[in-house]
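An overview of the molecular structure
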Amino acid sequence: MDDNEQKPLDTPEEGVDLNESDTSEEVRVKTITPEHLAEVVQSKNKAELDRIFTEVNDIDIAEAASEMDVKDLIVLFRDVNSQQTAPLFDDLSQDKKEELVKALTDKDLVKLINGQAADDLADTVGDMPANLAIKVLHATDKNMRADINQILKYKPETAGAIMTTEYLEFKESQTVGATIEAVRTIGREAETVYTIFVRNDKRKFVGTVDLDDLIFAKQDQKLSDIMNKDAPSVHVQTDREEVANIIRRYDLNAVAVLNDDECLTGIVTVDDAVDVLTAEANEDIEKMNAVAPMEDSYLETHPWQMARKCLPWIVILLILDTFSTAVVDKLQVPFRAYMILISFIPVLMDTGGNAGGKPSPSSSEDWR
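Here we summarise the structure given alongside this text. (Residues numbered from 1 in each chain as written. Predicted model: local features only at pLDDT ≥ 70, side-chain atom pairs only at ≥ 80, totals over all residues. Heavy atoms only, no water.)

1. Examining the overall build of the chain
- Across its full length, the chain holds 20 helices and 8 strands.
- In the chain, which comprises 368 residues, the share counted as buried stands at 38%.
- As presented, the chain carries roughly 22200 Å² of accessible surface, and 52% of it is formed by carbon and sulfur atoms. (Helix = DSSP H or I, 4+ residues; strand = E, 2+ residues; numbered from the N terminus. Buried < 20%, exposed > 50% of the residue type's maximum accessible area, 1.4 Å probe, protein only. Areas by Shrake-Rupley, 256 points an atom, 1.4 Å probe, with all protein chains shown as cover.)

Now the structure itself:
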(Lines give C-alpha, C1' and ligand atoms only; values in the text may rest on other atoms or scores of the structure.)
Protein backbone atom coordinates (compact mmCIF):
# COMPACT_ATOMS: atom_id res chain seq x y z
CA MET A 1 0.00 0.00 0.00
CA ASP A 2 1.28 3.45 -0.86
CA ASP A 3 2.52 5.51 2.12
CA ASN A 4 0.17 8.37 1.33
CA GLU A 5 -2.89 6.16 0.95
CA GLN A 6 -5.21 6.36 3.93
CA LYS A 7 -5.63 3.16 5.92
CA PRO A 8 -9.03 2.35 7.39
CA LEU A 9 -9.21 2.87 11.15
CA ASP A 10 -11.84 0.24 11.84
CA THR A 11 -9.95 -2.89 10.88
CA PRO A 12 -8.06 -4.86 13.56
CA GLU A 13 -5.22 -5.80 11.25
CA GLU A 14 -4.29 -2.15 10.80
CA GLY A 15 -3.88 -1.57 14.52
CA VAL A 16 -7.02 0.50 15.08
CA ASP A 17 -10.19 -1.31 15.97
CA LEU A 18 -13.41 -1.14 17.91
CA ASN A 19 -12.22 -2.19 21.34
CA GLU A 20 -14.91 -4.44 22.78
CA SER A 21 -12.81 -5.90 25.59
CA ASP A 22 -12.78 -2.70 27.65
CA THR A 23 -16.33 -1.55 26.95
CA SER A 24 -19.85 -2.92 26.99
CA GLU A 25 -21.66 -4.08 23.89
CA GLU A 26 -23.60 -0.80 23.80
CA VAL A 27 -20.47 1.38 23.97
CA ARG A 28 -17.85 0.97 21.26
CA VAL A 29 -14.79 3.22 20.96
CA LYS A 30 -11.93 3.34 18.46
CA THR A 31 -8.47 2.75 19.88
CA ILE A 32 -4.98 2.46 18.43
CA THR A 33 -2.04 0.21 19.24
CA PRO A 34 1.47 1.57 19.92
CA GLU A 35 2.82 -0.50 17.03
CA HIS A 36 0.45 0.97 14.48
CA LEU A 37 0.96 4.53 15.71
CA ALA A 38 4.73 4.08 15.51
CA GLU A 39 4.39 2.63 11.99
CA VAL A 40 2.35 5.63 10.82
CA VAL A 41 4.80 8.08 12.39
CA GLN A 42 7.83 6.37 10.85
CA SER A 43 6.18 6.38 7.42
CA LYS A 44 5.50 10.13 7.87
CA ASN A 45 1.96 9.64 6.62
CA LYS A 46 0.53 13.00 7.70
CA ALA A 47 -2.89 12.29 6.23
CA GLU A 48 -3.20 9.14 8.33
CA LEU A 49 -1.94 10.97 11.43
CA ASP A 50 -4.58 13.66 10.98
CA ARG A 51 -7.22 10.98 10.60
CA ILE A 52 -6.07 9.20 13.77
CA PHE A 53 -6.29 12.43 15.76
CA THR A 54 -9.76 13.04 14.32
CA GLU A 55 -11.25 9.61 15.03
CA VAL A 56 -9.38 8.36 18.12
CA ASN A 57 -9.71 9.88 21.59
CA ASP A 58 -6.73 11.85 22.91
CA ILE A 59 -6.26 9.65 25.97
CA ASP A 60 -6.10 6.49 23.82
CA ILE A 61 -3.51 8.10 21.56
CA ALA A 62 -1.53 9.20 24.62
CA GLU A 63 -1.48 5.65 26.03
CA ALA A 64 -0.15 4.35 22.74
CA ALA A 65 2.36 7.22 22.44
CA SER A 66 3.67 6.62 25.98
CA GLU A 67 5.05 3.25 24.79
CA MET A 68 6.76 4.72 21.72
CA ASP A 69 10.42 5.57 21.38
CA VAL A 70 11.14 9.22 22.14
CA LYS A 71 12.55 9.74 18.62
CA ASP A 72 9.24 8.71 17.07
CA LEU A 73 7.43 10.86 19.62
CA ILE A 74 9.39 13.93 18.51
CA VAL A 75 8.42 13.27 14.89
CA LEU A 76 4.78 12.92 15.98
CA PHE A 77 4.76 16.30 17.70
CA ARG A 78 6.50 17.95 14.74
CA ASP A 79 4.23 16.53 12.04
CA VAL A 80 0.86 17.05 13.74
CA ASN A 81 -0.85 20.40 14.26
CA SER A 82 0.01 21.90 17.66
CA GLN A 83 -3.68 22.33 18.51
CA GLN A 84 -4.08 18.54 18.26
CA THR A 85 -0.90 17.64 20.14
CA ALA A 86 -1.53 20.06 23.04
CA PRO A 87 -4.00 17.75 24.83
CA LEU A 88 -1.88 14.73 23.87
CA PHE A 89 1.14 16.07 25.79
CA ASP A 90 -0.96 16.57 28.91
CA ASP A 91 -2.16 12.94 28.79
CA LEU A 92 1.34 11.44 28.45
CA SER A 93 2.95 9.77 31.47
CA GLN A 94 5.25 12.01 33.53
CA ASP A 95 8.34 9.98 32.56
CA LYS A 96 7.54 10.33 28.85
CA LYS A 97 6.95 14.08 29.27
CA GLU A 98 10.37 14.46 30.82
CA GLU A 99 12.01 12.42 28.03
CA LEU A 100 10.28 14.56 25.43
CA VAL A 101 11.23 17.88 27.06
CA LYS A 102 14.83 16.71 27.36
CA ALA A 103 14.99 15.70 23.67
CA LEU A 104 13.11 18.60 22.03
CA THR A 105 14.92 21.66 20.72
CA ASP A 106 14.05 25.05 22.24
CA LYS A 107 12.12 26.00 19.09
CA ASP A 108 9.98 22.84 19.12
CA LEU A 109 9.46 23.14 22.86
CA VAL A 110 8.15 26.70 22.54
CA LYS A 111 5.61 25.51 19.95
CA LEU A 112 4.50 22.65 22.18
CA ILE A 113 4.45 24.39 25.56
CA ASN A 114 2.54 27.51 24.59
CA GLY A 115 -0.40 25.40 23.46
CA GLN A 116 -0.86 24.00 26.97
CA ALA A 117 -3.21 25.15 29.71
CA ALA A 118 -1.38 26.91 32.53
CA ASP A 119 -2.78 24.69 35.30
CA ASP A 120 -1.90 21.45 33.48
CA LEU A 121 1.59 22.73 32.73
CA ALA A 122 2.04 23.78 36.36
CA ASP A 123 1.28 20.20 37.46
CA THR A 124 3.82 18.87 34.96
CA VAL A 125 6.54 21.38 35.92
CA GLY A 126 5.97 20.80 39.63
CA ASP A 127 6.90 17.10 39.26
CA MET A 128 9.92 17.65 37.02
CA PRO A 129 13.60 17.88 38.00
CA ALA A 130 14.82 21.47 38.39
CA ASN A 131 16.82 21.54 35.13
CA LEU A 132 13.85 20.39 33.03
CA ALA A 133 11.42 22.68 34.87
CA ILE A 134 13.66 25.66 34.08
CA LYS A 135 13.83 24.60 30.42
CA VAL A 136 10.03 24.46 30.23
CA LEU A 137 9.59 27.83 31.95
CA HIS A 138 12.07 29.44 29.55
CA ALA A 139 9.97 28.17 26.64
CA THR A 140 6.76 29.77 27.94
CA ASP A 141 5.69 33.29 27.14
CA LYS A 142 5.66 35.99 29.82
CA ASN A 143 1.96 35.73 30.67
CA MET A 144 1.92 31.94 30.94
CA ARG A 145 5.08 31.96 33.07
CA ALA A 146 3.40 34.37 35.46
CA ASP A 147 0.32 32.12 35.64
CA ILE A 148 2.44 29.01 36.29
CA ASN A 149 4.45 30.73 39.02
CA GLN A 150 1.21 31.94 40.60
CA ILE A 151 -0.20 28.41 40.72
CA LEU A 152 3.06 26.85 41.97
CA LYS A 153 3.25 29.17 44.99
CA TYR A 154 0.22 27.49 46.59
CA LYS A 155 0.36 24.30 48.64
CA PRO A 156 -0.45 21.16 46.61
CA GLU A 157 -3.57 20.35 48.64
CA THR A 158 -5.24 23.75 48.11
CA ALA A 159 -7.62 25.19 45.53
CA GLY A 160 -4.89 27.53 44.30
CA ALA A 161 -2.73 24.60 43.23
CA ILE A 162 -5.40 23.00 41.02
CA MET A 163 -7.05 26.13 39.61
CA THR A 164 -6.71 27.39 36.05
CA THR A 165 -6.22 31.03 35.19
CA GLU A 166 -7.83 30.70 31.75
CA TYR A 167 -11.46 31.68 32.22
CA LEU A 168 -14.06 34.15 30.92
CA GLU A 169 -14.69 37.15 33.17
CA PHE A 170 -16.84 40.21 32.33
CA LYS A 171 -18.26 43.24 34.12
CA GLU A 172 -21.79 43.01 35.45
CA SER A 173 -22.72 46.15 33.47
CA GLN A 174 -21.84 44.51 30.12
CA THR A 175 -24.74 43.59 27.84
CA VAL A 176 -25.62 40.08 26.73
CA GLY A 177 -24.98 40.91 23.07
CA ALA A 178 -21.49 42.28 23.76
CA THR A 179 -20.69 39.28 25.94
CA ILE A 180 -21.70 36.78 23.26
CA GLU A 181 -19.48 38.52 20.72
CA ALA A 182 -16.58 38.49 23.20
CA VAL A 183 -17.09 34.78 23.88
CA ARG A 184 -16.95 34.06 20.16
CA THR A 185 -13.67 35.98 19.95
CA ILE A 186 -11.75 34.78 23.01
CA GLY A 187 -13.73 31.73 24.14
CA ARG A 188 -11.37 29.17 22.57
CA GLU A 189 -8.58 30.34 24.87
CA ALA A 190 -10.63 29.65 28.02
CA GLU A 191 -10.80 26.38 29.95
CA THR A 192 -14.60 26.43 29.77
CA VAL A 193 -17.26 28.58 28.11
CA TYR A 194 -20.19 26.94 29.89
CA THR A 195 -19.77 29.14 32.96
CA ILE A 196 -19.00 32.86 32.66
CA PHE A 197 -17.78 34.75 35.72
CA VAL A 198 -18.96 38.25 36.56
CA ARG A 199 -17.24 41.05 38.52
CA ASN A 200 -18.18 44.55 39.58
CA ASP A 201 -16.34 47.82 39.01
CA LYS A 202 -14.07 47.08 42.00
CA ARG A 203 -13.04 43.77 40.36
CA LYS A 204 -14.79 41.75 43.07
CA PHE A 205 -16.55 38.53 42.11
CA VAL A 206 -20.34 38.93 42.17
CA GLY A 207 -21.77 35.91 40.34
CA THR A 208 -21.84 33.60 37.33
CA VAL A 209 -23.82 33.26 34.10
CA ASP A 210 -24.48 29.87 32.52
CA LEU A 211 -24.06 29.65 28.77
CA ASP A 212 -27.68 28.62 28.17
CA ASP A 213 -28.96 31.62 30.17
CA LEU A 214 -26.71 33.87 28.12
CA ILE A 215 -27.93 32.48 24.78
CA PHE A 216 -31.62 32.78 25.61
CA ALA A 217 -31.42 36.25 27.21
CA LYS A 218 -32.26 39.43 25.35
CA GLN A 219 -29.37 41.17 23.60
CA ASP A 220 -29.74 44.44 25.54
CA GLN A 221 -30.00 42.84 28.98
CA LYS A 222 -27.10 43.32 31.37
CA LEU A 223 -25.23 40.44 32.93
CA SER A 224 -26.32 41.67 36.36
CA ASP A 225 -29.93 40.93 35.36
CA ILE A 226 -29.35 37.26 34.49
CA MET A 227 -26.39 36.20 36.65
CA ASN A 228 -26.53 33.73 39.54
CA LYS A 229 -25.84 36.00 42.49
CA ASP A 230 -25.66 33.10 44.94
CA ALA A 231 -23.02 31.17 42.99
CA PRO A 232 -20.63 29.27 45.32
CA SER A 233 -16.99 30.33 45.51
CA VAL A 234 -13.89 29.12 47.37
CA HIS A 235 -10.71 30.71 48.71
CA VAL A 236 -7.30 29.97 47.23
CA GLN A 237 -6.30 28.20 50.46
CA THR A 238 -9.44 26.00 50.62
CA ASP A 239 -8.63 22.29 50.73
CA ARG A 240 -8.91 20.77 47.27
CA GLU A 241 -11.14 17.91 48.45
CA GLU A 242 -13.60 20.43 49.87
CA VAL A 243 -13.57 22.27 46.53
CA ALA A 244 -14.31 19.02 44.66
CA ASN A 245 -17.18 18.23 47.03
CA ILE A 246 -18.68 21.70 46.46
CA ILE A 247 -18.61 21.13 42.70
CA ARG A 248 -20.23 17.72 43.17
CA ARG A 249 -22.84 18.98 45.65
CA TYR A 250 -24.03 21.89 43.50
CA ASP A 251 -23.57 20.21 40.08
CA LEU A 252 -21.19 22.92 38.85
CA ASN A 253 -19.11 23.01 35.69
CA ALA A 254 -16.63 25.28 37.46
CA VAL A 255 -16.28 27.17 40.74
CA ALA A 256 -14.64 30.57 41.31
CA VAL A 257 -11.41 30.75 43.34
CA LEU A 258 -11.03 34.06 45.19
CA ASN A 259 -8.11 35.76 46.93
CA ASP A 260 -8.20 37.68 50.23
CA ASP A 261 -9.74 40.70 48.47
CA GLU A 262 -12.61 38.55 47.10
CA CYS A 263 -11.30 39.06 43.58
CA LEU A 264 -11.37 36.23 41.05
CA THR A 265 -7.91 34.73 40.68
CA GLY A 266 -8.78 31.44 38.97
CA ILE A 267 -11.36 28.66 38.61
CA VAL A 268 -11.50 24.94 39.32
CA THR A 269 -13.32 22.92 36.66
CA VAL A 270 -15.29 19.71 37.05
CA ASP A 271 -12.62 17.56 35.36
CA ASP A 272 -10.08 18.69 37.97
CA ALA A 273 -12.63 17.92 40.70
CA VAL A 274 -13.04 14.36 39.38
CA ASP A 275 -9.24 13.90 39.46
CA VAL A 276 -9.13 15.15 43.06
CA LEU A 277 -11.94 12.85 44.25
CA THR A 278 -10.29 9.89 42.52
CA ALA A 279 -6.92 10.66 44.09
CA GLU A 280 -8.42 11.11 47.56
CA ALA A 281 -10.40 7.86 47.28
CA ASN A 282 -7.26 5.98 46.18
CA GLU A 283 -5.34 7.46 49.11
CA ASP A 284 -8.04 6.34 51.55
CA ILE A 285 -8.00 2.83 50.10
CA GLU A 286 -4.19 2.69 50.31
CA LYS A 287 -4.27 3.72 53.97
CA MET A 288 -7.01 1.20 54.69
CA ASN A 289 -4.81 -1.54 53.22
CA ALA A 290 -1.80 -0.47 55.28
CA VAL A 291 0.06 1.12 52.36
CA ALA A 292 1.51 4.61 52.59
CA PRO A 293 0.05 6.93 49.87
CA MET A 294 1.90 6.62 46.54
CA GLU A 295 2.64 9.39 44.06
CA ASP A 296 2.15 7.20 40.97
CA SER A 297 -0.58 4.75 40.15
CA TYR A 298 -0.36 1.15 41.35
CA LEU A 299 0.73 -0.21 37.95
CA GLU A 300 3.39 2.50 37.52
CA THR A 301 4.91 2.01 41.00
CA HIS A 302 8.11 -0.07 41.16
CA PRO A 303 7.86 -3.24 43.30
CA TRP A 304 10.74 -2.05 45.52
CA GLN A 305 8.97 1.24 46.12
CA MET A 306 5.77 -0.64 46.94
CA ALA A 307 7.68 -2.83 49.40
CA ARG A 308 9.22 0.25 51.03
CA LYS A 309 5.76 1.76 51.49
CA CYS A 310 4.56 -1.43 53.22
CA LEU A 311 7.74 -1.98 55.27
CA PRO A 312 6.69 -0.03 58.43
CA TRP A 313 3.46 -2.00 58.69
CA ILE A 314 5.25 -5.29 58.03
CA VAL A 315 7.68 -4.59 60.88
CA ILE A 316 4.80 -3.71 63.23
CA LEU A 317 2.97 -6.92 62.29
CA LEU A 318 6.12 -8.99 62.86
CA ILE A 319 6.48 -7.51 66.33
CA LEU A 320 2.83 -8.17 67.15
CA ASP A 321 3.15 -11.68 65.74
CA THR A 322 5.76 -12.50 68.38
CA PHE A 323 3.06 -12.12 71.02
CA SER A 324 0.74 -14.48 69.10
CA THR A 325 3.57 -16.99 68.81
CA ALA A 326 4.26 -16.75 72.53
CA VAL A 327 0.60 -17.47 73.33
CA VAL A 328 0.48 -20.49 71.00
CA ASP A 329 3.78 -21.77 72.39
CA LYS A 330 2.42 -21.55 75.94
CA LEU A 331 -0.66 -23.56 74.95
CA GLN A 332 1.23 -26.31 73.16
CA VAL A 333 0.63 -28.88 75.88
CA PRO A 334 -3.21 -28.47 76.01
CA PHE A 335 -3.30 -28.41 72.19
CA ARG A 336 -1.55 -31.79 71.86
CA ALA A 337 -4.77 -33.55 72.65
CA TYR A 338 -6.55 -31.58 69.89
CA MET A 339 -3.93 -31.11 67.15
CA ILE A 340 -6.64 -30.42 64.58
CA LEU A 341 -7.36 -27.08 66.32
CA ILE A 342 -3.91 -25.76 65.43
CA SER A 343 -4.72 -25.94 61.72
CA PHE A 344 -7.53 -23.41 62.26
CA ILE A 345 -5.27 -20.69 63.74
CA PRO A 346 -4.14 -19.24 60.34
CA VAL A 347 -7.75 -19.26 59.12
CA LEU A 348 -8.93 -17.34 62.18
CA MET A 349 -6.11 -14.79 61.85
CA ASP A 350 -6.90 -14.21 58.15
CA THR A 351 -10.59 -13.83 58.94
CA GLY A 352 -9.79 -11.18 61.51
CA GLY A 353 -7.67 -9.32 59.00
CA ASN A 354 -10.41 -9.38 56.37
CA ALA A 355 -13.01 -8.23 58.88
CA GLY A 356 -10.78 -5.37 60.03
CA GLY A 357 -10.12 -4.25 56.46
CA LYS A 358 -13.77 -4.11 55.40
CA PRO A 359 -14.83 -0.47 54.76
CA SER A 360 -17.74 0.93 56.71
CA PRO A 361 -20.94 1.90 54.84
CA SER A 362 -20.28 5.59 55.50
CA SER A 363 -16.81 5.36 53.97
CA SER A 364 -18.13 3.64 50.86
CA GLU A 365 -20.73 6.36 50.47
CA ASP A 366 -17.99 9.01 50.67
CA TRP A 367 -16.07 7.35 47.83
CA ARG A 368 -19.12 7.39 45.59
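2. Regarding the pairing of strand β5 (residues 205–210)
- Bridging between strand β4 (residues 195–199) and β5 involves 5 bridges; their strand directions are antiparallel. Bridging across to β5, Arg199 finds its partner in Phe205. (Pairing = 2+ DSSP bridges.)

3. Topic: the packing of helix α6 (residues 94–103) against helix α9 (residues 130–139)
- Two numbers describe how α6 lies on α9: the axes approach to 10 Å, and their chain directions differ by 65 degrees. For the element pair α6 and α9, the recorded crossing hand is left-handed. Listed contacts from α9 to Glu98, Val101 and Lys102 of α6 are Leu132, Lys135 and Val136.
- Looking at side-chain class alone, the contact of α6 with α9 contains 3 nonpolar, no polar and 3 charged residues. (Axes fitted to C-alpha atoms, helices over the stretch in contact; angles between N-to-C directions. Left-handed = near helix turned anticlockwise from the far one by under 90°. Contact = heavy atoms within 4.5 Å. Nonpolar A, V, L, I, M, F, W, Y, C, P; charged D, E, K, R; others polar.)

4. So, the pattern of salt bridges
- One pass over the structure, following the stated rule, counts 6 salt bridges.
- For Arg199, the salt bridge goes to Glu169, with nearest N and O atoms at 3.8 Å. Of the two residues, Arg199 sits in strand β4 while Glu169 sits in strand β3 (residues 169–171), which places them 30 residues apart along the sequence.
- Assessed through its relative accessible area of 22%, Glu169 is described here as partly exposed.
- Ionic pairing is found between Arg240 and Glu280, a salt bridge with its closest N-O pair at 3.3 Å. Placement of Arg240 in helix α15 (residues 240–249) and of Glu280 in helix α16 (residues 270–288) is noted, with a sequence separation of 40 residues between them. Here Arg240 matches Glu280 in class, with each residue buried.
- Connected through shared salt-bridge partners, Glu157, Arg240 and Glu280 make up one network. (Salt bridge = Lys/Arg side-chain N within 4 Å of Asp/Glu carboxyl O.)

5. Considering the environment of Asn149
- Among the structural elements, Asn149 can be located in helix α10 (residues 142–152).
- Distance in space between the C-alpha atoms of Asn149 and Ala122 is 7.8 Å, their sequence separation being 27 residues.

6. A look at the side chain of Thr195
- Inspection of the secondary structure puts Thr195 in strand β4.
- Overall, Thr195 belongs to the buried group, its relative accessible area being 5%.
- Other than its neighbours up to four places away in sequence, Thr195 contacts Thr208, Val209, Asp210, Asn253 and Ala254.

7. Here we look at a nonpolar patch on the surface
- Residues Leu311, Trp313, Ile314, Val315, Ile316, Leu317, Leu318, Ile319, Leu320 and Phe323 make up a contiguous nonpolar surface patch of about 1000 Å² in total accessible area.
- The residue Ile316 is located in helix α17 (residues 303–330) in this model. (Patch = residues over 30% accessible without salt bridge, like charges linked within 9 Å, V, L, I, M, F, W, Y side chains within 5 Å.)

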